[in-house]
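Observations on chain architecture
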Amino acid sequence: MAVPFEKKTANLNNHRAIESEQALIACVLTDNEQIEGVLPIIKPSMFYNSFNSLVWDKIVNLYKSGVPVDLTTIKSQLENTDSPSGTPVSDIITYFDRMTSPSHSIQYAKNIYEKYQLRNLSLLVHQIDKSIGNSNKDTAENLSKIHNKIGDILSIHGDDSFDLDDTIASAI
């Protein structure tokens, strides 16, 4: 059954998430060997854009079935109502402009994971804001969850270029 395209309000972080999603899809369509490296990092539910999530799910299912993944096999898995424009392949072809090289697929996957965790962090911050003054237990639990989310975000960066203050500011 077709999943309708879901429009969401996009801010700069969400726009960057969508760009990374599109680049990752282009990477694996260009080089199927990249799929294995990113499977442990992301799941379809981590995608911000519902069409990209659907395409990723189809890519993973084809790959796990041993079917080569390319525009033709993806097209056979999608219906016109799945895509924002009504022409899924036309939408996907534009994704190749986002990709610099298939070898960057791991970095694109990490970007998707990071943006997913930042969206979750933002939700937790709002839950803390609502719980302040009501329940110390709820506030403490949410603070613990935030601590874990920040640890998850920090764990995907292997260099010193990550700035926690910027990450928290962009999540709020």
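None of these values were measured; they are calculated from a predicted model. (Residues numbered from 1 in each chain as written. Predicted model: local features only at pLDDT ≥ 70, side-chain atom pairs only at ≥ 80, totals over all residues. Heavy atoms only, no water.)

Attention now goes to the overall build of the protein chain. Helix and strand counts for the protein chain stand at 8 helices and 0 strands. N-terminal to C-terminal, the α/β element order of the protein chain is α-α-α-α-α-α-α-α. For the protein chain, buried positions account for 42% of its 172 residues. Sequence separation of at least 24 residues holds for 69% of the intrachain contacts in the protein chain that already meet a minimum separation of 6. For the protein chain, the accessible surface area stands at approximately 9,600 Å², while carbon and sulfur atoms represent 51% of it. (Helix = DSSP H or I, 4+ residues; strand = E, 2+ residues; numbered from the N terminus. Buried < 20%, exposed > 50% of the residue type's maximum accessible area, 1.4 Å probe, protein only. Contact = heavy atoms within 4.5 Å. Areas by Shrake-Rupley, 256 points an atom, 1.4 Å probe, with all protein chains shown as cover.)

The next subject is helix α3 (residues 50–64). In this model α3 runs 21 Å from its N-terminal to its C-terminal C-alpha over 15 residues, within 8% of the 21 Å that 1.5 Å per residue would give. Most of α3 is tucked away, with 11 of its 15 residues classed as buried. Of all the positions in α3, only S50, F51, N52, S53, L54, V55, W56, K58, I59, V60 and L62 are classed as buried. For α3, the N-terminal capping position is held by N49, with its side-chain oxygen 2.9 Å away from the main-chain nitrogen of F51. At the exit of α3 stands G66, carrying a positive phi of roughly 85 degrees. (Expected span 1.5 Å × (residues − 1). Polar contact = N/O pair within 3.5 Å; in protein donor to acceptor, adjacent residues only side chain to side chain.)

As a further point, take the packing of helix α6 (residues 105–131) against helix α7 (residues 136–155). Look at α6 against α7: their axes get within 9 Å of each other, and the N-to-C directions meet at 165 degrees. The angle between α6 and α7 falls in the class roughly antiparallel. As for the relative orientation of α6 and α7, their crossing is left-handed in sense. Within the contact between the two elements, α6 uses Y113, E114, Q117, L118, N120, L121, L124, V125, Q127, I128 and S131 and α7 uses D138, T139, N142, L143, K145, I146, K149, I150, D152 and I153. For the contact of α6 with α7, the per-class residue count stands at 10 nonpolar, 6 polar and 5 charged. (Axes fitted to C-alpha atoms, helices over the stretch in contact; angles between N-to-C directions. Parallel < 35°, antiparallel > 145°, perpendicular 65-115°, else oblique. Left-handed = near helix turned anticlockwise from the far one by under 90°. Nonpolar A, V, L, I, M, F, W, Y, C, P; charged D, E, K, R; others polar.)

A few words on the nonpolar core. L24, I25, I42, W56, I59, I74 and I92 are the most contacted members of the largest nonpolar core, which totals 31 residues. I42 has contacts with L24, F47, W56, A109, I112 and Y113, leaving out every residue within four places of it along the chain. Membership of the second largest hydrophobic core comes to 7 residues, among which are L118, L121, I150 and I153. (Core = buried A, V, L, I, M, F, W, Y, C linked by side-chain atoms within 4.5 Å.)

Before going further, it helps to examine the pattern of salt bridges. Going through the model one piece at a time under the given rule, you end up with 1 salt bridge. A salt bridge links E19 to R98; the shortest N-O distance between them is 3.5 Å. Remark: R98 occurs in the loop between α5 (88–93) and α6 and E19 occurs in helix α1 (residues 12–30); sequence separation between them is 79 residues. (Salt bridge = Lys/Arg side-chain N within 4 Å of Asp/Glu carboxyl O.)

Inspection of the secondary structure assignment puts T94 in the loop between α5 and α6. In the structure, T94 is positioned 71 residues away from A23 in sequence and 9.7 Å away in space, judged by C-alpha atoms.

Looking now at the confidence of the model for the protein chain. Averaged over every residue, the pLDDT of the protein chain is 82; the share at 70 or more is 82%. Predicted confidence for residues 1–10 stays below pLDDT 50, and this span has 20 contacts to residues more than four positions away or in other chains. (pLDDT = per-residue confidence, 0-100.)

Our focus in this paragraph is α6. Relative to the 39 Å expected for 27 residues at 1.5 Å per residue, α6 spans 39 Å between its end C-alpha atoms, a close match to the ideal helical length. Two residues or fewer past α6, G133 is found with a positive phi of approximately 90 degrees.

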